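In case you want the letters, here they are:
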Amino acid sequence: MRVLVTGGAGFIGSHFAKRLVAGGDDVVVLDKLTYAGNPANLDGTGIELVIGDIADGEAVARAGAGCDAIVNFAAETHVDRSILGPTEFVHTDVLGTMTLLEWARTTGARYVQVSTDEVYGDLEAGGRAVEGDPLRPSSPYSAAKAGGDLQVLAYVRTYGVNASITRGANTYGPNQYPEKLVPLFVTNAFEGEPLPVYGDGQQVREWLHAEDHCAGVELVLREGAPGEIYNVGGEDHANLEVTHRILELTGADPGLVRHVEDRAGHDRRYAIDDTKLRGLGWSPEHSFGETGLRETVEWYRANRDWWEPIKSGDYRRYYEEQYAGRLQG
Ligand code: NAD
Ligand code: DAU
């Protein structure tokens, strides 16, 4: 199969592109190379990279020529950046998704939309979201992702596009841009910089290894039914628990932990039921608590040449805007 992987120069998309190639598929990546896109993530793979915007129909047609399927990882993905400015989120996550769906409609290609558990919003203790639950997104990011999901479902129903949706949990692993909790705290710990915990740090997320996330998406690509949604779950841990484990694994000073002003609209808990995907034969191979986080910390320890250049320039400007006031306050 020849597959167009959009956002394939980013974190999860690059794992996915490499996984398909290792399994014998032919892959072309379409990526705009925003701050989060990094061609080095595809180094040595020989995978064709087309630089372009998923909201540009001509770029999509050029990259997609000859493809049987498209898997859409391209998105603006960071909640904190969406709070600073949502415009790019709507452009890519809604308009971009619709542009890809148009291409799938005209070519008849199979389509998988990589979405997020954040579209279900805050979950009460005890409950777990199932795929048919109402969408209650809290942030401009998750609202944009929910908009993309609704476009997908509309294209299935109205035009008969052969599309499915995955909704994955918080993903960690090698090659994650150091703005999200795990890579930010791991690299800050190595640099002796503060670890800025929002609020009381008792927010709960489900942690899913990138390889397990990609295995779920691949299964849905091959076996998923049109119009169906599949949750891809992880392991529940509170942020403060993750923070203390990172301190242990990096050997950093516990005095680096700072409780700072909370994220606006911060969801307390995400939790999803992934029984439906397990019914297709998926189960995770990595345990966050046992090996997954340790191996990830070791990857960042061994690959400073990957992340040190990123933590300069535009990254510094973002970091100052997001954290300077919080860390002083
Ligand atoms: P990322 O931020 O690491 O990478 C996103 C990629 O998309 C980058 O390579 C970027 O250059 C590219 N991109 C952005 N806008 C584009 C545009 N307009 N046209 C073409 N390319 C564009 O993201 P990630 O963490 O790997 O997430 C990938 C997907 O998985 C996203 O759709 C995200 O919503 C979803 N997801 C992520 C997580 C997570 O915890 N990281 C969890 C669940 C779902
Ligand atoms: O749940 C899936 C989602 O997971 C994906 O759709 C998103 O693309 C991905 O970014 C992630 O969203 P979160 O907002 O949950 O991830 P983040 O790493 O930004 O934050 C995880 C938790 O850690 C959250 O409760 C906020 C908290 N946090 C985060 C940062 C960056 C802090 O306490 N301090 C921080 O500096």
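So, a few notes on the structure that sits alongside this text. All residue numbers refer to position in the chain's written sequence, counted from 1. Each chain gets a letter, beginning with A, and each ligand a number, beginning with 1, in the order they are written. Given that this is a predicted model, residues contribute local features only at a pLDDT of at least 70 and side-chain atom pairs are listed and counted only at 80 or more, while totals for whole chains, interfaces and linings are drawn from all residues. Hydrogens and water molecules were not included; the side-chain quantities draw on all heavy atoms of the structure.

A separate point is the site of ligand 2. A single heavy atom is enough: if one lies within 4 Å of a molecule or strand, its residue is considered near that molecule or strand. Of all residues adjacent to ligand 2, which total 26 residues, the nearest are D117, E118, Y141, N170 and R263. Side-chain polar atom of K180 to an oxygen atom of ligand 2: 3.5 Å apart, as the coordinates give it. In the environment of ligand 2, an oxygen atom lies 2.8 Å from a nitrogen or oxygen atom belonging to the side chain of N239. All accessibility values rest on the Shrake-Rupley procedure with a 1.4 Å probe; residue burial counts only the protein chains present in the view. Relative to its unbound accessible area of 680 Å², ligand 2 is 95% covered by the protein chains. A helix here means a DSSP run of H or I that spans at least four residues, while a strand means a run of E at least two residues long, and both kinds are numbered starting from the N terminus. For the shell around ligand 2, the secondary structure elements donating two or more residues are α3 (79-84), α6 (181-191) and β8 (195-198). When residue character is reported, Ala, Val, Leu, Ile, Met, Phe, Trp, Tyr, Cys and Pro are called nonpolar, Asp, Glu, Lys and Arg charged, and the others, Gly included, polar. Tallied by class, residues from the shell around ligand 2 come to 11 nonpolar, 8 polar and 7 charged. Polar contact criterion, stated in full: a pair of N or O atoms within 3.5 Å, where within protein one must be able to donate a hydrogen and the other to accept it, and residues adjacent in sequence count only if both atoms are side-chain atoms.

Our focus in this paragraph is the site of ligand 1. Around ligand 1, the structure places 30 residues, and the nearest of them are I12, D31, T77, Y141 and K145. Within the contact set of ligand 1, an oxygen atom lies 3.0 Å away from a backbone nitrogen or oxygen of G10. Between an oxygen atom of ligand 1 and a main-chain N or O atom of I12, the distance comes to 2.8 Å. Look at ligand 1: alone it shows 840 Å² of surface, and the protein chains cover 96% of it. Of all the secondary-structure elements, those providing two or more residues to the shell around ligand 1 are α1 (11-22), β5 (110-116), α5 (140-159) and β7 (170-172). The element that contributes the greatest number of residues to the shell around ligand 1 is β5, accounting for 3 residues. Broken down by class, the residue content of the shell around ligand 1 amounts to 12 nonpolar, 13 polar and 5 charged.

As a further point, take the layout of surface pockets. Using a 1 Å grid laid over the protein atoms alone, points where a 1.4 Å probe fits but cannot get out form a cavity; open sets with protein on both sides within 12 Å along at least 5 of 7 lines form a pocket; any residue with an atom within 4 Å of a point counts as lining. Grid points are joined across faces, edges and corners, and a volume is the space filled by probe spheres set on the points. Reported here for the largest pocket is a volume of approximately 170 Å³. Taken together, T34, Y35, E76, R81, L84, G85, E88 and F89 form the lining of the largest pocket. Those elements that place two or more of their residues in the lining of the largest pocket are α3 and α4 (87-107).

Time to look at the nonpolar core. Within the largest apolar cluster, 55 residues are counted, with the highest numbers of intra-cluster contacts made by V5, F16, V71, F73 and Y111. Looking at which element gives the most residues to this core, the answer is helix α7 (residues 210-223), with 6 residues. Contact partners of F16, with chain neighbours within four places excluded, come to V5, V71, F73, C214, V217, E218 and L221. Buried residues of nine kinds, namely Ala, Val, Leu, Ile, Met, Phe, Trp, Tyr and Cys, make up a nonpolar core once their side-chain atoms join them within 4.5 Å. Burial classes: relative accessible area under 20% of the type maximum marks a residue as buried, over 50% as exposed, and values in between as partly exposed (1.4 Å probe, protein chains only). In terms of nonpolar packing, the next biggest core, distinct from the first, is built from 32 residues, Y177, L184, F288 and Y315 among them. By definition in these notes, contact holds between two residues if any of their heavy atoms fall within 4.5 Å.

Okay, empty space enclosed by the protein next. On inspection of all chains with the given rule, the structure shows 2 cavities of 30 Å³ or more. As for the second largest cavity, its lining consists of V79, E118, S138, S139, S142, R205, R263, A264, G265, H266, D267 and Y270. For the lining of the second largest cavity, a count of residues per class yields 3 nonpolar, 5 polar and 4 charged.

With respect to the helices and strands, S164 occurs in strand β6 (residues 163-168). For S164, a relative accessible area of 0% gives the class buried. A polar contact is formed between the side chain of S164 and the side chain of R110, at a distance of 2.8 Å. Polar contacts involving the side chain of S164 include one to the main-chain carbonyl oxygen of A225, which spans 2.9 Å. Each residue touching S164, except ones within four places of it in the same chain, is listed here: R110, Y111, V112, Q113, V220, G224, A225, P226, E228 and Y230.

At least two DSSP bridges between two strands are needed for those strands to be called paired. Overall, mixed pairing links the 3 strands, which are arranged β7-β9-β11 in an open sheet. Edge strands, defined here as strands with exactly one partner in the open sheet, are β7 and β11 (235-238). Taken over all neighbouring pairs, the strand axes of this sheet differ in orientation by 45 degrees on average, direction set aside. Sheet topology note: the β7/strand β9 (residues 204-209) ladder contains 3 bridges and is parallel. Note on geometry: axes are C-alpha line fits, over the in-contact stretch for helices, and angles between N-to-C directions span 0 to 180 degrees.

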